[in-house]
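Given next are the chains, with one letter for each unit.
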Amino acid sequence: MEIIRDRESSFYSEKAKILGNAFTIIDNNIKYYYEFIPDGTKSIIKYNDMKYIIDAINEYRIYNKHVTKFKDINNNFYKAFDDIFYFKLPIKVIQPSNFFVDLDKIAIFEEYIDPSNVYLPVAIINDEYVLLDHHNLLYFLNECNIKLVNVFITDYDEYINDFVYLAKENNIFNVNGLKALKHEDYEKYTKDFYDQYFNY
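Below or above, wherever it landed, is the structure these notes cover. (Residues numbered from 1 in each chain as written. Predicted model: local features only at pLDDT ≥ 70, side-chain atom pairs only at ≥ 80, totals over all residues. Heavy atoms only, no water.)

This next bit is on the overall build of the chain. A tally of helices and strands in the chain yields six helices and 13 strands. The globule rule puts the C-alpha radius of gyration for 200 residues at 16 Å, and the 18 Å found for the chain is close to it. Seen along its three principal axes, the alpha-carbon backbone of the chain occupies a region of about 50 × 35 × 30 Å. Expressed as a percentage of its 200 residues, the buried residues of the chain come to 42%. Relative to all contacts within the chain whose residues are 6 or more apart in sequence, the contacts with residues 24 or more apart total 63%. Surface exposure of the chain reaches about 11,500 Å², of which carbon and sulfur atoms provide 47%. Of the side chains in the chain, 22 bear a positive and 32 a negative charge, and the two mean positions are spaced by 4 Å. (Helix = DSSP H or I, 4+ residues; strand = E, 2+ residues; numbered from the N terminus. Rg over C-alpha atoms; globule rule 2.2 N^0.38 Å. Buried < 20%, exposed > 50% of the residue type's maximum accessible area, 1.4 Å probe, protein only. Contact = heavy atoms within 4.5 Å. Areas by Shrake-Rupley, 256 points an atom, 1.4 Å probe, with all protein chains shown as cover. Lys, Arg positive; Asp, Glu negative; His and termini not counted. Charge placed at Lys NZ, Arg CZ, Asp CG, Glu CD.)

In structure tokens, the structure reads:
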């Protein structure tokens, strides 16, 4: 069995493909499609077969831990996880753990993302709130002049400590320090950094 974050299949809406909410599971050359339509901490699931729906939900929640309630397209309850406590933080107190953002993705957010319905994963490291993922969304919210953002505390990998150190070494102490790049440059610089760090 293989799970892919699908950005091409015609089964999915353009929005789901762009936002990474479409997951295809391949088993014995048969494809199973699962599209997530989130609304805050809840999501509707559109699918062609329920066989691997739990696997799809678990994969989706790797990127969206704040989503804890799932229903099918007929609004029938399917699965629930423990609620995640979230709260608001001033956007400028959040310490990034990345260096770059993708201007092309951020431009797409203007069409598809409701700024008031975004939840960001953070960890408390050395008495600071550190953003663990979704730096493009953080930048987008700042561009929308959002002063307070929804966050939730979650676990993090040890390498995040190094990323925070390197961010500060490059004078990135909040959202204003993030370097905005065109998509091609973002992909190149991000790949180069990860290759150097994880293969060192």
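Quick look at the environment of Leu 138 now. Turning to its location among the elements, Leu 138 is positioned in helix 4 (residues 135-143). Look at Leu 138 and you get buried, because its relative accessible area is 0%. Distance in space between the C-alpha atoms of Leu 138 and Ile 91 is 7.9 Å, their sequence separation being 47 residues. Among residues more than four places away in sequence, those in contact with Leu 138 are Ile 91, Ile 94, Leu 120, Leu 131, Val 175 and Leu 178.

In this section: the pairing of strand 6 (residues 77-80). As paired elements, strand 5 (residues 69-72) and strand 6 share three bridges and run antiparallel to each other. Each residue of the ladder has a partner; that of Lys 69, found in strand 6, is Ala 80. Between the antiparallel neighbours strand 5 and strand 6 lie four residues, among them Asn 75 with a positive phi of about 70°. (Pairing = 2+ DSSP bridges.)

Let us look at a nonpolar patch on the surface. Where nonpolar side chains cluster on the molecular surface, the patch consists of Ile 37, Ile 44 and Ile 73 and spans about 240 Å² of accessible area. By relative accessible area, which is 54% here, Ile 73 ends up exposed. (Patch = residues over 30% accessible without salt bridge, like charges linked within 9 Å, V, L, I, M, F, W, Y side chains within 5 Å. Salt bridge = Lys/Arg side-chain N within 4 Å of Asp/Glu carboxyl O.)

A few words on the sheet that holds strand 11 (residues 128-131). Spatial ordering of the open sheet is given by 7-12-10-11-8, a layout of five strands whose pairing is mixed. Each of the sheet's edge strands pairs with one partner strand only, and the pair in question is strand 7 (86-90) and strand 8 (94-95). As paired strands, strand 7 and strand 12 (residues 148-153) are joined by five bridges and run antiparallel to one another. Paired with Leu 89 across the strands is Val 149, a residue of strand 12. Across the sheet, helix 4 lies against strand 8, strand 10 (119-125), strand 11 and strand 12, angled at about 110° from strand 10, the strand it touches most. (Axes fitted to C-alpha atoms, helices over the stretch in contact; angles between N-to-C directions.)

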